[in-house]
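# Survey of secondary and tertiary structure
Okay, here's what each chain looks like letter by letter:
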Amino acid sequence: MDIITIIVLTGLTNLTFALYSWHQVSNPESHFACRAFALAQFIKAASFILYAISLYHGYDHLRLLANLLIFIGCWAEVRSYNQLASAGIKASFLWAGAIVTCAVFTWFHFTSGDGPNNTMIVTASVLLVLPFSASVYALYQLLKQHPASVFPRVLVIVNAMIGLFCFIRAPLAASDSGFTMTGSVVVNELFIFATFLLGLGNGIGFIGFLKERSDEKLCVRANYDYLTGIYNRQHFERSAQKRLQSGDTFTLYFLDLDKFKGVNDRFGHAAGDEVLRLFGQLLREKQERYSAISGRLGGEEFGILLPHDTRLPHDTIIEQLRQDFASVGEKVIGEALTFSLGACPSKQADSVQELMHHADVLLYDAKHHLSSP
Ligand SMILES: Nc1nc2c(ncn2[C@@H]2O[C@H](COP(=O)(O)OP(=O)(O)OP(=O)(O)O)[C@@H](O)[C@H]2O)c(=O)[nH]1
């Protein structure tokens with residue numbers, strides 16, 4: 001495969017990533033860095049296609065333009081990684097980087113004589129080390145934030161390797177006057193091909209990372225209650241069913257906040273939300289401390305599944321919860337709040353639905369008792 005073909009392929013690959021990322025911009029789950037990445041890929045795609053045309057026809061000034069677009073595309077890519085990782089690279093640094101690299105390259109282009117000579121390869125290779133170093137810095141921040149994800153690792157390696165290749169290519173080109181883009185230096189073809197493969201890894205790494213994040217967000221949305229951060233009803237029931245099937249013994253408690261409508265009516269919906277949020281937090285603490293499962297089952301209805309081997313007796317845990325909830329009420333609305341509950345031990349039912357039904361009947365009795373004079 002000759003150099004021009006590889007460059008065209010690189011441009012088409014960039015174009016594919018650009019179109020995909022651009023399509024993702026309208027997806028509400030996607031990261032806002034998608035737009036910057038799409039823009040960078042469009043610029044790079046244009047630069048590689050122009051570069052191929054300039055080599056094919058021998059248009060020097062078109063090649064200068066293509067080279068400048070490559071620099072701008074690489075700095076635009078740094079911007080997208082910077083946004084993705086919130087790495088804190090200032091916009092002024094990116095602008096300065098782009099302007100300086102473009103200016104230096106243009107100067108060399110007009111002073112080193114015509115043609116795709118090796119001085120230009122040396123200059124481009126050296127200058128490209130700068131944006132790739134900045135990319136590695138931003139992506140390393142991303143890796144630190146998401147150490148379990150494979151994609152930031154791939155991105156760091158890929159960008160470090162491209163930077164390294166540029167670094168190695170510069171002295172090789174400088175020491176061999178035949179090392180040009182139009183000459184058939186195998187080493188240069190290998191460099192260009194490796195850069196193409198690495199560019200492929202770059203796009204896959206970025207898109208893979210975005211996909212992983214958006215899947216994670218969807219998973220959280222599907223399984224957790226947005227207000228309290230604990231499981232939603234569906235996930236609570238599923239988790240409880242798993243415990244039941246695995247033969248664990250536990251008691252399921254159905255908790256309903258008392259006179260909650262009054263909280264909303266007298267203190268406003270925001271205060272009501274805050275009470276719900278803090279109650280969810282209390283349940284989450286119990287979940288973490290006692291290997292329990294807690295969930296919001298409906299508006300002001302909650303569930304907690306307490307295993308039978310908890311350090312403290314269940315009565316004590318529930319009493320603590322009552323006291324903590326009273327304090328939440330004091331804090332948010334200046335009055336102690338209470339909840340009613342119904343409980344059902346796991347051995348009394350074969351399914352979670354049955355367990356919840358029994359607990360609900362007892363809860364109803366408790367509520368009825370509460371509202372009776
Ligand atoms: N602030 C807020 N209120 C909610 C939310 N979901 C449900 N509610 C309110 O919870 C209240 C539940 O009212 P009721 O079912 O009458 O319950 P209650 O007032 O606690 O009465 P008892 O259960 O009989 O003590 C309604 O006013 C709902 O609007 C929510 O996400 N935020």
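Analysis parameters
- In every chain, residue numbers begin from 1 and rise along the written sequence.
- Reporting of local features is limited, given that this is a predicted model, to residues whose pLDDT is at least 70; pairs of side-chain atoms are given and counted only at 80 or more, and all residues count toward the totals for whole chains, interfaces and linings.
- Values reported for side chains reflect all heavy atoms of the structure, with hydrogen atoms and water molecules removed beforehand.
- UniProt positions are given in the numbering used here, feature names are shortened, and annotations may be inferred rather than shown by experiment.
- Every helix listed is a DSSP run of H or I at least four residues long, and every strand listed is a run of E at least two residues long, numbered separately from the N terminus.
- Simply put, an axis is a line fit to the C-alpha atoms, just over the touching stretch for a helix, and the angle between two N-to-C directions goes from 0 to 180 degrees.
- An angle below 35 degrees is treated as roughly parallel, one above 145 as roughly antiparallel, one from 65 to 115 as roughly perpendicular, and anything else as oblique.
- Left-handed describes a crossing whose near helix is turned anticlockwise from the far helix by less than a right angle; the clockwise case is right-handed.
- The contact rule is simple, with two residues in contact once any of their heavy atoms fall within 4.5 Å.
- By the convention adopted, Pro, Cys, Tyr, Trp, Phe, Met, Ile, Leu, Val and Ala count as nonpolar, Lys, Arg, Asp and Glu as charged, and the other residues, Gly among them, as polar.
- Proximity is defined per residue: if any heavy atom of the residue lies within 4 Å of a molecule or strand, that residue is considered near it.
- Two N or O atoms form a polar contact when they lie within 3.5 Å of each other; inside protein one atom must be a possible hydrogen donor and the other a possible acceptor, and for residues adjacent in sequence the pair counts only when both atoms belong to side chains.
- To be clear on the numbers: accessible area is Shrake-Rupley with a 1.4 Å probe, and residue cover counts the displayed protein chains and nothing else.
- Should a side-chain nitrogen of Lys or Arg be within 4 Å of a carboxyl oxygen of Asp or Glu, the pair is scored as a salt bridge.
- Three exposure classes are used, based on accessible area relative to the maximum for each residue type with a 1.4 Å probe and protein chains only: buried under 20%, partly exposed in between, and exposed over 50%.

### As for the UniProt feature "transmembrane region" (unreviewed entry) in the protein
Taking the numbering used here, the UniProt-annotated feature "transmembrane region" (unreviewed entry) corresponds to residues 6-22, 34-56, 93-110, 122-143, 150-170 and 190-210. Secondary structure within residues 34-56 divides into 100% helix and 0% strand; the distance between the first and last C-alpha atoms comes to 33 Å. Along residues 150-170 the backbone is 100% helical and 0% strand, and the end-to-end C-alpha distance reaches 31 Å.

### Topic: the packing of helix α3 (residues 60-85) against helix α7 (residues 186-223)
Direction vectors running N to C along α3 and α7 enclose 25°, while the axes themselves pass 13 Å from each other. Accordingly, the angle class assigned to the pair α3 and α7 is roughly parallel. The two elements α3 and α7 cross, and the hand of that crossing is left-handed. Side by side, α3 and α7 meet where Glu77, Ser80, Tyr81 and Leu84 of the first sit next to Asn202, Phe206, Phe209 and Leu210 of the second. Here the residues of the contact of α3 with α7 sort into five nonpolar, two polar and one charged.

### Examining the site of the ligand
Contacts to the ligand come from 15 residues, most closely from Lys259, Phe260, Lys261, Asn264 and Asp273. Measuring from an oxygen atom of the ligand, one finds a side-chain N or O atom of Arg296 at 2.8 Å. Here the ligand, which alone exposes 670 Å², has 65% of that area covered by the protein. Looking at the shell around the ligand, the elements with two or more residues in it are β2 (250-257), α9 (260-267) and α10 (269-290).

### Examining the packing of helix α4 (residues 91-111) against helix α5 (residues 118-145)
Between α4 and α5, whose axes approach to 10 Å, the crossing angle comes to 175°. The angle between α4 and α5 falls in the class roughly antiparallel. Each of Phe93, Thr101, Val104, Phe105, Phe108 and His109 in α4 lies in contact with α5, whose residues at this interface are Thr119, Met120, Thr123, Ala124, Leu127, Leu130 and Ala134. When the residues that make up the contact of α4 with α5 are grouped by side-chain class, the tally is nine nonpolar, four polar and no charged.

### Remarks on the pattern of salt bridges
One pass over the structure, following the stated rule, counts eleven salt bridges. With a closest N to O distance of 3.0 Å, Glu274 and Arg277 form a salt bridge. On the criterion of helical spacing, the pair formed by Glu274 and Arg277 is a turn pair, its members being three residues apart in helix α10. In this structure Arg277 comes out as partly exposed when scored by relative accessible area, which is 31%. Among the charged side chains, a network of salt bridges with common partners joins Glu212, Arg213 and Glu216.

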